[in-house]
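A look at the structure
Given next are the chains, with one letter for each unit.
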Amino acid sequence: MTDSWAMLAAFCLLAYLLGAIPSGYIIGKVFYGVDLKTVGSGNIGATNAYRVLGAKAGLSVFLCDFFKGVLAVSAGSLGDELTMVLCALFVIVGNDWSVFLHFKSGRGVACGVGAFAALWPVAALGAFLVWLAVFLASKIVSLSSICAAPVVPLVIWLTGGPEEFAAFGAVAAAVIIYKHKDNIGRLMRGEEKKITHEKRPS
């Protein structure tokens, strides 16, 4: 029993450290000489990377964060369902509260999508379709993410997924929405920026 708890703790620690790798910060500094924490919204996620550095940077950050989620859950699959859920939770926690950035980082959307793509793919697909529909209608990434997050536990429940997965989906949705609290304030004031295709200076 002691060995199994030690193994579970090791999986959680590794998932946290994987999630804590600050993809956006590294890509901004290494390839563009820009500290994303000091420009735009100050967030190191894909949206701020897109706005400040362009589509290539935004996509790169999204994919790096996405695959952090996939890798963490894939590693957790070596154990049981509880191990997978905890790895998914800790990779998102690491992404959102990175030890490498004084416990400040992204909002967990891309990392969460990756985790659920590995954990329960149909839930990730359902959330993406809602995200896309809201984004096409509003052109606001934060609103799209806030609307898509609760879809995950709902789809898991409707498709007969494990209770542990649905419960984790609800927790992850709450974390993602909480991390968007400043965006929610701007949305309520009508101040949230839309994604545009304005030409960026070279």
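Residues numbered from 1 in each chain as written. Predicted model: local features only at pLDDT ≥ 70, side-chain atom pairs only at ≥ 80, totals over all residues. Heavy atoms only, no water.

The final tally for this structure, using the stated rule, is four salt bridges. Here E192 ties to R186 by a salt bridge, and the two come within 2.7 Å at their closest N and O atoms. Measuring nitrogen to oxygen at the nearest pair gives 3.0 Å for the salt bridge that ties R189 to E191. The class of E191 is partly exposed, set by a relative accessible area of 46%. (Salt bridge = Lys/Arg side-chain N within 4 Å of Asp/Glu carboxyl O. Buried < 20%, exposed > 50% of the residue type's maximum accessible area, 1.4 Å probe, protein only.)

The space that makes up the second largest pocket amounts to roughly 370 Å³. Lining the second largest pocket are 16 residues, and of these N43, S105, R107, K179 and D182 lie nearest its centre. Here the lining of the second largest pocket gets three residues from one element, more than from any other, and that element is helix α11 (residues 181-189). (1 Å grid on protein atoms, 1.4 Å probe; cavity = no way out; pocket = protein on both sides within 12 Å on 5 of 7 lines; lining within 4 Å. Points joined across faces, edges and corners; volume = space filled by probe spheres on them. Helix = DSSP H or I, 4+ residues; strand = E, 2+ residues; numbered from the N terminus.)

Okay, the packing of aromatic side chains next. In the structure shown here, the tally under the stated rule is five aromatic pairs. With a centroid separation of 6.1 Å and an interplanar angle of 25 degrees, the aromatic rings of F62 and F66 are classed as stacked. Here F62 and its partner F66 are both found in helix α4 (residues 55-76), four residues apart, which amounts to about one turn of the helix. Judged by relative accessible area, F62 falls into the partly exposed class, the value being 32%. Relative to F67, the ring of F66 has its centre 5.1 Å away and its plane inclined at 85 degrees; by these criteria the two rings are edge-to-face. Through a chain of ring-to-ring contacts, the aromatic side chains of F62, F66 and F67 assemble into a single cluster. In this structure, K181 packs its charged tip against the face of Y178, placed 4.5 Å from the ring centre. (Phe/Tyr/Trp six-rings, centres within 6.5 Å; stacked < 30°, edge-to-face > 60°. Lys NZ or Arg CZ within 6 Å of the ring centre and 35° of its normal.)

Taking 1.5 Å per residue, 22 residues should reach 32 Å; α4 reaches 32 Å between its end C-alpha atoms and fits that length. Residues A57, G58, V61, D65, F66, K68, G69, V70, A72, V73 and G76 constitute the buried set of α4. (Expected span 1.5 Å × (residues − 1).)

For the rest of this paragraph, the subject is the environment of I176. If you trace the backbone, I176 turns up in helix α10 (residues 163-179). For I176, a relative accessible area of 9% gives the class buried. Spatially, the C-alpha atom of I176 lies 18 Å from that of I21, the residues being 155 residues apart in sequence. Those residues in contact with I176 that lie beyond four places of it in its chain are R107, G108, V109 and A149. (Contact = heavy atoms within 4.5 Å.)

When you line up the elements, N43 lands in the loop between α2 (23-32) and α3 (46-53). Classification of N43 as buried rests on a relative accessible area of 10%. Residues in contact with N43, not counting those within four places in the same chain, are L36, N48, S105, G106 and R107.

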